[in-house]
Amino acid sequence: MKRFSLLLVLCPSLWAADPVESDFYKITTFETPKETALEVGSIDLMPDGKLALGTRRGEIWIVSGAGSSDPSNVSYKLFASGLHEVLGIAYNPKDRNLYATTRYEITRLKDVDGDGRADVFENVNDSWGVSGDYHEYALGSRFDKAGDLWVTLCLTGSFSSQVPFRGWALRIQPDGTMVPACSGIRSPGGVGFDADGEVYYCDNQGPWHGSCTLQHLVPGSFQGHPGGNVWYDRAPNMGPRPSDPVPEAFQGDRGRKEARPGGDPGRMVKERESIPQLLPPAVYLVHGKIGNSASAIICDLSGGKFGPFAKQLFIADQSHSNLSRVYLETINGIKQGVVFPFRSGFASGIIGGRMDEEGRVFVGGSDRGWGARGGKPYCFEKCEWTGKTPFEVHEMHAKPDGFEVTFTQPVDPATAGDLKSYSMREFTYAYREQYGGDEIDEVLPAISAAKVAEDGKSVRLTISPLTKGHVHELHLDGIRSTEGLPLLHKVGYYTLNEIPK
Amino acid sequence: MIRPLIFLLLAALPSHAAETAVFTLKTMTAQMKYDTAELHASPGQPVKILFENGDDLPHNLVFCQPGTDTAAMALKQMENPEAALKRNWLPDDPRIWAHSKMLNPHEKEEITFTAPEKPGTYPYVCTFPGHALTMRGELKIAPVGGGLEDLRFALYLGSWKQLPDFSKLTPHREGKVDDNLIHVKLDDYKNEFGVVFTGKLTAPKKGSYRFFLASDDGARILVDGKEVVNADGIHPASDIKEKALLLEKGDHEFRLEYFQAAGNIELYTAWKGADFQTTPLSKWLHPDWKGGGKKKQDFAPIPLVVRDEPVIYRNFIQGAGNRGIGVGYPGGINIAWSAESMNLSLLWRGAFIDASRHWNSRGGGHQAPLGYDVIKPTGEVTPAFFVTDKPDAEWPKWDPKNGLRHEGFAWKGYSLDAKRFPTFRYTWNEAEIEESYTAEGDGNKPGGAPTLIRTVKITGPLPANAWFRLAAGPVEARDAAFVLKGATSCRITAAGAQITGQNLVIPAKPGTLTITYQWAQ
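Computed from a prediction, not measured in an experiment: that's the story for all the values here.

(A) Representation of the overall build of chain A within the structure. Of regular secondary structure, chain A possesses four helices and 32 strands. Since a compact globule built from 501 residues should have a radius of gyration of about 23 Å, the 23 Å found for chain A is in line with a globular shape. Within chain A, buried positions represent 62% of all 501 residues. Long-range pairs, those at least 24 residues apart, make up 60% of the contacts in chain A with a sequence separation of at least 6.

(B) The arrangement of the overall build of chain B in detail. Assigned secondary structure in chain B consists of four helices and 37 strands. Principal-axis analysis of the C-alpha atoms gives chain B an extent of 90 × 55 × 40 Å. Every one of the 521 residues in chain B was classed for burial, and the buried ones make up 50%. Of the contacts formed within chain B by residues at least 6 apart in sequence, a portion of 66% connects residues at least 24 apart. Summed over its atoms, the accessible surface of chain B is roughly 23700 Å², and 51% of this surface lies on carbon and sulfur atoms. Treating the 59 positive side-chain charges of chain B as one cloud and the 60 negative ones as another, the clouds have centres 2 Å apart.

(C) Examining the sheet that holds strand E29 (residues 446-452) of chain A more closely. All names here are of chain A. Taken together, the four strands give an open sheet; going across it, the order is E25-E26-E30-E29, and neighbouring strands pair in antiparallel fashion. If you trace the sheet from one side to the other, it starts and ends with strand E25 (393-399) and E29, each paired once. Neighbouring strand axes in the sheet, compared pairwise and without regard to direction, differ in orientation by 20° on average. One ladder, built from five bridges, connects strand E26 (residues 402-407) with strand E30 (residues 458-464); its direction is antiparallel. The residue of E30 that forms the bridge with Thr-406 is Ser-458.

(D) A look at unusual backbone geometry. For the bond running from Ser-464 of chain A to Pro-465 of chain A, omega is -5°, close enough to zero to count as cis. Examined against the element boundaries, Pro-465 of chain A turns out to sit in the loop between E30 and strand E31 (471-475). Of note, the bond from Asp-216 of chain B into Asp-217 of chain B is cis; its omega dihedral lies within 30 degrees of zero at 10°. Residue position: Asp-217 of chain B is located in the loop between strand E12 (207-216) and strand E13 (219-223). One non-glycine residue, Ser-361 of chain B, lies in positive phi territory at about 50°. Note on placement: Ser-361 of chain B falls in the loop between helix H4 (356-359) and strand E25 (372-375).

(E) Region of the structure containing the side chain of Thr-127 of chain B. Residue and element names in this part refer to chain B. Following the sequence through the fold, Thr-127 ends up in the loop between strand E7 (120-125) and strand E8 (136-141). Look at Thr-127 and you get buried, because its relative accessible area is 0%. Among the polar contacts listed, one links the side chain of Thr-127 to the side chain of Asn-60, at a separation of 2.8 Å. Among the polar contacts listed, one links the side chain of Thr-127 to the backbone oxygen of Trp-89, at a separation of 2.6 Å. Those residues in contact with Thr-127 that sit more than four places away from it in its chain are Asn-60, Val-62, Met-73, Ala-74, Gln-77, Trp-89, Leu-90 and Pro-91.

(F) Structural view of the interface of chain B and chain A. Listed by partner, the interface residues are 34 residues for chain B and 34 residues for chain A. Counting the surface lost from both chain B and chain A, the interface buries some 2700 Å², and carbon and sulfur atoms represent 43% of this. There are three salt bridges connecting chain B and chain A. When the shortest N-O distance is used, the salt bridge between Glu-105 of chain A and Arg-314 of chain B registers 2.9 Å. Linking chain B to chain A there are 23 residue pairs in polar contact (both at pLDDT 80 or more). Looking at the side of chain B that touches chain A element by element, the count peaks at six residues for strand E27 (residues 409-416) of chain B. Judged from the three bridges that link them, strand E9 (residues 120-125) of chain A and E27 of chain B form a sheet pairing that is antiparallel.

(G) Quick look at the nonpolar core. Membership of the largest hydrophobic core comes to 65 residues, with the highest contact counts inside it found for Ile-60, Leu-98 and Leu-109 of chain A together with Ile-325, Ile-335, Trp-337 and Phe-385 of chain B. Those residues in contact with Phe-385 of chain B that lie beyond four places of it in its chain are Trp-395, Phe-409, Tyr-426, Trp-428, Ile-433, Ile-458, Trp-467, Phe-468 and Ala-508 of chain B. Membership of the second largest hydrophobic core comes to 48 residues, among which are Met-268, Leu-278, Cys-299 and Leu-328 of chain A.

(H) Local environment of the sheet that holds strand E20 (residues 311-315) of chain B. Residues and elements named next belong to chain B. What the five strands build is an open sheet, ordered E20-E21-E22-E23-E25; its pairing is antiparallel. Two strands lie at the open edges of the sheet, namely E20 and E25, each paired on one side alone. Strand-to-strand, the axes of this sheet are offset by a mean angle of 20°, without reference to chain direction. Pairing analysis gives six bridges linking strand E22 (residues 333-338) to strand E23 (residues 343-349), with the strands arranged antiparallel. Across the sheet, Asn-334 pairs through a bridge with Trp-348, a residue of E23.

(I) Expanded view of the environment of Phe-23 of chain B. Residue and element names in this part refer to chain B. Within the secondary structure, Phe-23 is located in strand E1 (residues 21-27). C-alpha of Phe-23 to C-alpha of Leu-281: the two residues are 258 residues apart in sequence and 23 Å apart in space. Excluding its chain neighbours within four sequence positions, the residues that come into contact with Phe-23 are Leu-39, His-40, Val-47, Lys-48, Ile-49 and Leu-50.

(J) Fine view of the packing of aromatic side chains. The full count for this structure, using the stated rule, is 52 aromatic pairs over all chains. Counting every residue linked through ring pairs, the aromatic cluster contains Phe-121 of chain A together with Trp-337, Phe-385, Phe-409, Trp-411, Tyr-414, Phe-424, Tyr-426, Trp-428, Tyr-437 and Phe-468 of chain B. Above the ring of Tyr-137 of chain A, the side-chain terminus of Arg-103 of chain A is found at 4.6 Å from the ring centroid.

(K) Fine view of the side chain of Arg-57 of chain A. Locating Arg-57 of chain A in the fold gives a position in the loop between strand E3 (51-55) and strand E4 (60-64). For Arg-57 of chain A, the side chain forms a polar contact with the side chain of Glu-39 of chain A, separated by 3.5 Å. Apart from the residues within four sequence positions on either side, Arg-57 of chain A is in contact with Ala-37, Glu-39, Leu-83 and Arg-368 of chain A together with Ile-302 and Trp-359 of chain B.

(L) How the structure looks around the state of the cysteines. In the structure shown here, the tally under the stated rule is zero disulfides over all chains. No disulfide involves Cys-202 of chain A; its sulfur sits 7.8 Å from that of Cys-212 of chain A, the nearest cysteine.

Criteria and thresholds
Residues numbered from 1 in each chain as written. Chains lettered and ligands numbered in written order. Predicted model: local features only at pLDDT ≥ 70, side-chain atom pairs only at ≥ 80, totals over all residues. Heavy atoms only, no water. Helix = DSSP H or I, 4+ residues; strand = E, 2+ residues; numbered from the N terminus. Rg over C-alpha atoms; globule rule 2.2 N^0.38 Å. Buried < 20%, exposed > 50% of the residue type's maximum accessible area, 1.4 Å probe, protein only. Contact = heavy atoms within 4.5 Å. Areas by Shrake-Rupley, 256 points an atom, 1.4 Å probe, with all protein chains shown as cover. Lys, Arg positive; Asp, Glu negative; His and termini not counted. Charge placed at Lys NZ, Arg CZ, Asp CG, Glu CD. Pairing = 2+ DSSP bridges. Axes fitted to C-alpha atoms, helices over the stretch in contact; angles between N-to-C directions. Polar contact = N/O pair within 3.5 Å; in protein donor to acceptor, adjacent residues only side chain to side chain. Buried area = accessible area lost by both parts, 1.4 Å probe. Salt bridge = Lys/Arg side-chain N within 4 Å of Asp/Glu carboxyl O. Core = buried A, V, L, I, M, F, W, Y, C linked by side-chain atoms within 4.5 Å. Phe/Tyr/Trp six-rings, centres within 6.5 Å; stacked < 30°, edge-to-face > 60°. Lys NZ or Arg CZ within 6 Å of the ring centre and 35° of its normal. Disulfide = S-S within 2.5 Å.

Put into structure tokens, the structure is as follows:
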């Protein structure tokens, strides 16, 4: 793709070069401390423009100068080491301490003598089980609006729950008390908040997950993988244990490696009818197209300093080394929305990410264990808006008879009003015990109207049929801006959990 | 798949009995091990070993006859240590047939010998006192097996994602392979072709034979028309596939099918019998071959080096449960504390720990200490405190399956003092416990008299019949101390300690316990 654009640049008399992502969002790669492999697992902001980085090697580094326009101003100080994988880091402005989520506990780190190195490591909470299995990662959040920390716990081997609360999201209150919050987690990649402070996590493709997903952590909900539901007797606040999806598959032996007897597996939209606690993914991060290994959730609270996508979410991906962009809305009481590709080309697999008030997105990660497109074993980078506004879909809203699509720049009414500029495909995934799954139950709906708003900033599409529970893949290949430019990203995937009434 | 081809050509080496087998064998720093535990040679083959002592202790390399109990042989020297010292700790034993000098730290020596004519497993060992239990390996002598005969190739052109049915295709070219070694000629076609090799293989007797195959892209081996090993599909040649097969004595039809889609071209195959070592049937050898087909998952070590302040490593440490806290103290003395059992799990000397298992790949599994003389005073993940009217009884055992923790204990964390020495804190029922450690002597040197001093401060009420256990196992009182016997014995002192059954215990009371642990010399 890049090479193609380059070719075009070489013959400017014939073509104007199509814009590319780097015209709008610039990636800066920082040098990292020589004495370590800075496999960033988590990032939070500290006072005075500093950052705290937690790493997979169990270190916490305090970074200064990363916000500077000159990347050589960055400097690092080792705050703590020897922790068991820091996949969550949170700065608490109330007590001015850092809180690290590690494999087996949330640790409060204090620097009592003020020498810049932690000297007190207090166990805040360690009430979940860990068995030595490689996959039992613990991914922690920053502090939520109630002052709680969230920790999402991967299943044992990412398949079953051999020790307490594997496959759960737990809420750790300021006094250290643990409250079980959600069941049904499989293999979390990161926990984050939207602009309203609602909590989300990313799950990864596997059993009961046809694709990576962005999921809304509504307390009391069941997020889809029944493996951890054996611990409901330890979570009386959660009410009765949900009935298992497609019981015959669940009761079977995972090791049998046979197709589930009894034919077609279930669908999320169908199982929701019989399992009231089951909350479908807010957005399918369509496997192989958006990413492969969803991780950090980064909300744009910079008020426009990161470009036109204020309050939207940016989802990092380890294996694709990219960020995608999510717009969410609440329809019939639950979250759903659309995901677009946003920026690729990070140097390694992205695991941790955080935006500062100036709209600078700091990301970092490593390719360890699963490989990543970036090519480097680990990285720490910054992604900034160049100040140029890309021509992109801004938001996509579900309507009872179609979608409303808004744009970052006015559209050319001729192309935007032309039905041939659009195409849509709808599909879903089986909700099944086997690993992953294809895009199935394809529907090719008819787009019968494309009405361009007077200000040219939105188009109202009339589409039939809409399919509840399906991903609605919208292509906008023919659309041009008033300047004649195509969209920077021409396809988005809207997860239609609910059709607006 | 994109590794440069030149690398493969460098890895090509013929294996003939007449050529000298050259090995480099090193001692590992502070681990009481050689870096190689297995060497291979053919009967009567000239052998050259570059022996390097990278450790801080003296070591030698002594080859013995098959079946020698090398540990007993080395230990026997202690019956007359003066005489043994004069011989520089080389046992006077007729079963020794080759040996190096006793190398001082950081010395090297080149030793040469002719491999024994008789096939078998010849142990090698370091005979310096106390080293033989772990510092050992085996020299395996086996003849090289026979190769392919009448080897022919048939080249096919086509684009495949897996092996096609070659029987339905017409070869583009056919011919004889003069050196009877399977390889893909790189001057032919670079992409989108397949080759079928056919030849004759002779089994010297009826028995089990193992075939090895690694290829980029897909390949499979058929013997007498039956598939033995399958490595089909598009992939790099990193995995060596292997499978054993029962063969009658005599000639067998060997067929290897291979295809190349795009990218790198690699093809390696070999076989092994009960009476002969792994013998290549291909011109190229796999970079990881080393005489066997075992899949290797060795990472370059990442030893955590302890300098002037303690190093902490919280991770899965073998013998310390799943909430292990390793501490390497300056001076070659190390512990693993368990936040699972709230107790000291292990102490050892020498090097601290190798992080490569957890800092490569996905981070699972339990890592054993890197050093040596590992002592596990009270067994696996048991608490120190226990309420019992029978202190000679069993202490609670840990059940890792359901993730239950020992009742009444709560982990609080640790703080570091000005020298960065940790104090661990936990509660047991109403009592608050603080545990800290200091180290004396030098654990890296023989005669360094390494000593670990453990201080346990107990505040608050304790239940009646509360006991603190220091050690479990065969313990005996000796010279105002207690000796915990084991592979490595440990000398323990603590005021008020008493032996009861297999337990060394102290009645638990508020106050401070001071316990010392010394490695018995």
